[in-house]
Amino acid sequence: MSSSSQPAKPSLLILGARGFLGRSVATAAAARFNVLRADRTAGERSTDIVVDITDANVVEQTIREIQPKAVVLLAAISDIDLCERQPERAAAVNVQGVAHVARACAATGTRLLFTSSGAVFDGKKIGYCEEDPVSPLSVYGRSKADAENVVLETLPDAIVLRVSLVLGRTGLTTTNSVVDTLVRRWQAGEIVRASTLECRNPIDAATLATWIIELLPNPEARGLIHTGSTHAWTRYQIATALATRLGVPEVQLLPEETTSPARALRGVHQLLLTDKIARLCTTQPPTIEEVVERSLREPAESHQ
Ligand SMILES: NC(=O)c1ccc[n+]([C@@H]2O[C@H](COP(=O)([O-])OP(=O)(O)OC[C@H]3O[C@@H](n4cnc5c(N)ncnc54)[C@H](OP(=O)(O)O)[C@@H]3O)[C@@H](O)[C@H]2O)c1
């Protein structure tokens, strides 16, 4: 019990806490959990924990020592093109690193939530449910599919959240946030091209974080769970909505009607059907218009 006689909050360890999604999860979790932030390298806070998930001993030791109630595993090489160029690094972090965390959670009876991707599918079907077989096109997609298997074989009650595309702002240049990148490029006067082929049902980081916090204490939440907005748009439609809302001149956004051979292969349709999460959570899947609007809100806690 704390000094004010309130029960102590359960602790939540976030691996990859300084990343794009990690910041939103840390902010959303603070009301319900004692949030412990871990990253590959030391940060500015004295309370930050250093955990490189490729080091099995450090992972196991950290989880044994701090005995968190739950672990949210966000640490990853999330850049699809970087994974394609460096498949060994992608496997070391996105598969073996995930295996280290899953084994440490299994050994200590710790709840685990892992974030995967719509890139586990080839995008040939319009609308994927959790039961559909995986068919990745890229090194990244394969690494996520392999990691899902490792997590669920090691810990069948773990939660594996699949995400098509996360939208939101951090105000930083160091994360994987597409909106931050677009805003930065438009502010610099650049012309941005966005695909008219790739369809995604995105989710804003704040709603995704709310779902994560809702799912963790729910014993019925287990296995694969798809997330996203109620319908999908092309990347060009998403960028157009963002540009309109930000007052970006039309000339600064152009449609990209071909795929560059320099980029890793992406699936055309990544519409993740959200019936399961709608049943499990009181927070319901938002419309894509709501996602765009929410994604432009200033970060609740910037420059963490
Ligand atoms: N954002 C999306 O649209 C999206 C869509 C689908 C799935 N996801 C998944 O959601 C998760 C979070 O994504 P995000 O967008 O927040 O990515 P992000 O901004 O790139 O954050 C990933 C974090 O992982 C850390 N990391 C990398 N290697 C590590 C290691 N060996 N040990 C510990 N930490 C390590 C990175 O730290 P350093 O920078 O110091 O290396 C970074 O802080 C990832 O699993 C990603 O695959 C994201």
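Residues numbered from 1 in each chain as written. Predicted model: local features only at pLDDT ≥ 70, side-chain atom pairs only at ≥ 80, totals over all residues. Heavy atoms only, no water.

A. Representation of the overall build of the protein in the model. Helix and strand counts for the protein come out as 10 helices and 14 strands. Taking 304 residues into account, the globule formula puts the C-alpha radius of gyration at 19 Å, and the protein, at 19 Å, falls close to it. With the C-alpha coordinates aligned to their principal axes, the bounding extent of the protein is approximately 60 × 40 × 35 Å. Summarising the internal contacts of the protein: among those between residues at least 6 apart in sequence, 77% fall at separations of at least 24. About 14100 Å² of surface is accessible on the protein, with carbon and sulfur atoms providing 51% of the total. Averaging the locations of the 32 positively and 34 negatively charged side chains of the protein gives two centres separated by 2 Å. (Helix = DSSP H or I, 4+ residues; strand = E, 2+ residues; numbered from the N terminus. Rg over C-alpha atoms; globule rule 2.2 N^0.38 Å. Contact = heavy atoms within 4.5 Å. Areas by Shrake-Rupley, 256 points an atom, 1.4 Å probe, with all protein chains shown as cover. Lys, Arg positive; Asp, Glu negative; His and termini not counted. Charge placed at Lys NZ, Arg CZ, Asp CG, Glu CD.)

B. Molecular detail of the nonpolar core. Grouped together as the largest cluster of nonpolar side chains are 52 residues, with contacts concentrated most on Val25, Leu161, Trp186, Leu208, Ile212 and Leu215. Examining the composition of this core, we find that 7 residues originate from one element, helix 7 (residues 205-215), more than from any other. Excluding residues that lie within four positions of it along the chain, Leu208 makes contacts with Leu21, Leu161, Val163, Val166, Ile203 and Thr227. (Core = buried A, V, L, I, M, F, W, Y, C linked by side-chain atoms within 4.5 Å. Buried < 20%, exposed > 50% of the residue type's maximum accessible area, 1.4 Å probe, protein only.)

C. Broad picture of the state of the cysteines. Within the structure shown, the criterion is met by 0 disulfides. Lacking any disulfide linkage, Cys281 is separated from the closest cysteine sulfur, that of Cys129, by 18 Å. (Disulfide = S-S within 2.5 Å.)

D. Just the sheet that holds strand 14 (residues 269-270), in detail. Here we have 3 strands laid out as an open sheet, ordered 12-9-14, and mixed in their pairing. The open sheet terminates on both sides in strands that have one partner only, identified here as strand 12 (233-234) and strand 14. Pairing of strand 9 (residues 199-200) with strand 12 involves 2 bridges; the strand directions are antiparallel. Each residue of the ladder has a partner; that of Arg200, found in strand 12, is Trp233. (Pairing = 2+ DSSP bridges.)

E. Quick peek at the side chain of Thr62. Mapped onto the secondary structure, Thr62 falls in helix 2 (residues 56-66). Take Thr62: its relative accessible area is 11%, and that puts it in the buried class. Apart from residues lying up to four places away in sequence, Thr62 is in contact with Ile49 and Val51.

F. Broad picture of the side chain of Arg111. Mapped onto the elements, Arg111 comes out in strand 5 (residues 111-117). Put simply, Arg111 is tucked away with no salt bridge, and the nearest opposite charge, on Asp157, sits 6.4 Å away. At a separation of 2.8 Å, a polar atom in the side chain of Arg111 contacts the main-chain carbonyl oxygen of Leu216. In contact with Arg111, other than residues within four places in its own chain, are Lys69, Ala70, Val71, Asp157, Ile159, Leu215, Leu216, Asn218 and Ala221. (Salt bridge = Lys/Arg side-chain N within 4 Å of Asp/Glu carboxyl O. Polar contact = N/O pair within 3.5 Å; in protein donor to acceptor, adjacent residues only side chain to side chain.)

G. Region of the structure containing the site of the ligand. As a matter of local geometry, the ligand sits amid 25 residues, with Leu21, Arg40, Ser78, Tyr140 and Lys144 nearest to it. Contacts to the ligand include Gly19, whose backbone N or O atom sits 3.3 Å from an oxygen atom. Between an oxygen atom of the ligand and a main-chain N or O atom of Ala76, the distance comes to 3.2 Å. Its free accessible area being 890 Å², the ligand has 88% of it covered by the protein chains. Among the secondary structure elements, those contributing two or more residues to the shell around the ligand are helix 1 (20-29), strand 5 and helix 5 (139-154). Along the lines of polarity and charge, the residues of the shell around the ligand split into 12 nonpolar, 8 polar and 5 charged. (Near = heavy atom within 4 Å. Nonpolar A, V, L, I, M, F, W, Y, C, P; charged D, E, K, R; others polar.)

H. Inspection of the environment of Thr110 at higher detail. You can see Thr110 is positioned in the loop between helix 4 (87-108) and strand 5. Its relative accessible area of 5% is what places Thr110 among the buried residues. Along the sequence, Thr110 and Ala70 sit 40 residues apart, while their C-alpha atoms lie 5.6 Å from each other. Polar contacts involving the side chain of Thr110 include one to the side chain of Thr108, which spans 2.7 Å.

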